[in-house]
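Architecture and fold: a report
Below, each chain spelled out in residue letters.
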Amino acid sequence: MKHRKELDRLLRDQASTYNADHLSEAMCYAQAIVRTENAIAVVSDLANGRSHIVAGDFGKSLGLDDYNHEDSIWESKILSLMTPDEQEQKYIAELRFFHYLRHLPKLKRPQYHLVSKLHFCQPDGHTRELLHRMYYIYSADCETVECAICLYSPLVFDFNGKSHAVNSVTGMSEELTTHTNGNILSRRERQILTLIDSGMKSAEIADLLNISIHTVSRHRQEILSKLQVKNSHEACRRAKSMGIVS
């Protein structure tokens, strides 16, 4: 669950604004999609830490009839239909997508959404493959994410890979893999984290790279912030699990 905690902090920390109109628009969109696609829609209000769920007929078939609200930005009852490993893969994909958007021009970010393949464990014990789509609703300046919309529906067409960042204007997509993790840390930050993992102290790293110890300390803080961890040990473990460093 470490990636869920990391993503939760990233989303909640940046959600400083609240726009009731944006939330209302997101709910109208979710309800329309549920009526037309029979999907499951989740609208997460990041600023207030609440989720609104519209089940649809697909959701009802999974026993989600009375699942309407949750005091969390995570739809735990839906996530419980996935194995722990599948949940972790979902969080990794969303974390990669979040950092992928950070490196785009602000006005381009609302053009993108995430598409992933997931698996649900049905009440009868069978596993069902499904399509997961996630959209971010941005503030007017495209600086912060105010709401997230997640859609779950049966997978009716297949595609290569596990998850993609899709530009809904151009139709172009990019698969999110360990390669895209390079967007999370800079080359220098990856270099320093690798040296930290080898057991080197800040002073030793500064001497080796011919930089000041102050610069090393600044990079270390940036690494902790970007990976949303408390110490270097956790940073090394998380970076390894995501394939950022070997």
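Residues numbered from 1 in each chain as written. Predicted model: local features only at pLDDT ≥ 70, side-chain atom pairs only at ≥ 80, totals over all residues. Heavy atoms only, no water.

Neighbouring strands of a sheet are bound in pairs by backbone hydrogen bonds; such pairs are parallel or else antiparallel. If you walk across this open sheet you meet the eight strands as β3-β2-β1-β6-β5-β4-β7-β8, and the pairing is antiparallel. Of all strands in the sheet, those bounded by a partner on one side alone are β3 (69-70) and β8 (173-175). Contacts from helix α5 (residues 84-102) reach β4 (112-121), β5 (127-138), β6 (145-154), β7 (163-167) and β8, with the element oriented near 180° to β4. (Pairing = 2+ DSSP bridges. Helix = DSSP H or I, 4+ residues; strand = E, 2+ residues; numbered from the N terminus. Contact = heavy atoms within 4.5 Å. Axes fitted to C-alpha atoms, helices over the stretch in contact; angles between N-to-C directions.)

Let's shift gears to the nonpolar core. Judged by nonpolar contacts, the single largest core of 60 residues is most densely connected at Phe120, Tyr136, Tyr152 and Leu227. Considering every element that reaches this core, the biggest residue donor is α5, with seven residues. The residues contacting Phe120, other than those within four sequence positions of it, are Ile40, Phe58, Leu62, Ile78, Leu81, Met82, His126, Thr127, Arg128, Leu130 and Tyr152. Leu23, Ala39, Val54 and Leu151 belong to the second largest nonpolar core, which has 13 residues in total. (Core = buried A, V, L, I, M, F, W, Y, C linked by side-chain atoms within 4.5 Å. Buried < 20%, exposed > 50% of the residue type's maximum accessible area, 1.4 Å probe, protein only.)

Even without a glycine there, the phi angle at Cys142 is positive, about 60°. Tracing the backbone through its elements, the reader meets Cys142 in the loop between β5 and β6. On the basis of relative accessibility, which here comes to 9%, the residue Cys142 falls in the buried class. The phi dihedral of Asn210 falls on the positive side, at around 60°, and the residue is not glycine. Structurally, Asn210 is set in the loop between α7 (202-209) and α8 (213-227).

It is worth spelling out the packing of helix α6 (residues 187-197) against α7 at this point. Their axes nearest at 10 Å, the elements α6 and α7 cross at an angle of 130°. In terms of orientation, α6 and α7 fall into the oblique class. Here α6 runs over α7; the crossing is right-handed. Contact with α6, carried on its side by Arg188, Gln191, Ile192, Leu195 and Ile196, involves Ile205, Leu208 and Leu209 of α7 and no other residues of that element. (Parallel < 35°, antiparallel > 145°, perpendicular 65-115°, else oblique. Left-handed = near helix turned anticlockwise from the far one by under 90°.)

Before going further, it helps to examine the environment of Glu86. Following the sequence through the fold, Glu86 ends up in helix α5. Taking the C-alpha atoms as reference points, Glu86 and Phe120, separated by 34 residues in sequence, lie 8.9 Å from one another. A polar contact is formed between the side chain of Glu86 and the backbone nitrogen of His119, at a distance of 2.8 Å. (Polar contact = N/O pair within 3.5 Å; in protein donor to acceptor, adjacent residues only side chain to side chain.)

This part takes up the pattern of salt bridges. A full pass over the atoms with the stated rule returns eight salt bridges. For Arg50, the salt bridge identified is with Asp71, shortest N-O distance 2.9 Å. Highlighted residues: Arg50 in strand β2 (residues 50-54) and Asp71 in the loop between β3 and α4 (76-79), separated in sequence by 21 residues. By relative accessible area, Asp71 is classed as exposed at 65%. Among the salt bridges present, the one from Asp158 reaches Lys117, with a minimum N-O distance of 2.9 Å. (Salt bridge = Lys/Arg side-chain N within 4 Å of Asp/Glu carboxyl O.)

As a further point, take the pairing of β5. Bridge count between β4 and β5: nine bridges; the pairing is antiparallel. What sits directly across from Val115, in β5, is Arg133. Counted between consecutive antiparallel strands, the loop separating β4 from β5 contains five residues, among which Gly125 sits at a positive phi close to 95°. Sheet topology places β5 next to β6; nine bridges connect them, and they run antiparallel. Among the inter-strand pairings, Ile137 is bridged to a residue of β6, identified as Cys147.

Bringing the packing of aromatic side chains into the picture now. This structure, assessed with the given rule, holds eight aromatic pairs. Centre to centre, the rings of Tyr136 and Tyr138 are 6.4 Å apart; their planes meet at 85°, and the pair counts as edge-to-face. Tyr138 carries the same exposure label as Tyr136, and that label is buried. An aromatic cluster of three or more residues is present, and its members are Phe58, Phe120 and Tyr152. When the ring centre of Phe159 is taken as reference, the NZ or CZ atom of Lys117 above it lies at 4.9 Å. (Phe/Tyr/Trp six-rings, centres within 6.5 Å; stacked < 30°, edge-to-face > 60°. Lys NZ or Arg CZ within 6 Å of the ring centre and 35° of its normal.)

Orientation of α6 relative to α8, taken along the N-to-C sense of each, is 100°, at an axis distance of 10 Å. Judged by the inter-axis angle, α6 sits roughly perpendicular to α8. Between α6 and α8, the residues in contact are Arg188, Glu189, Ile192, Leu193 and Ile196 and His219, Arg220, Glu222, Ile223, Lys226 and Leu227, respectively. A breakdown of the residues in the contact of α6 with α8 according to their chemical character gives five nonpolar, one polar and five charged. (Nonpolar A, V, L, I, M, F, W, Y, C, P; charged D, E, K, R; others polar.)

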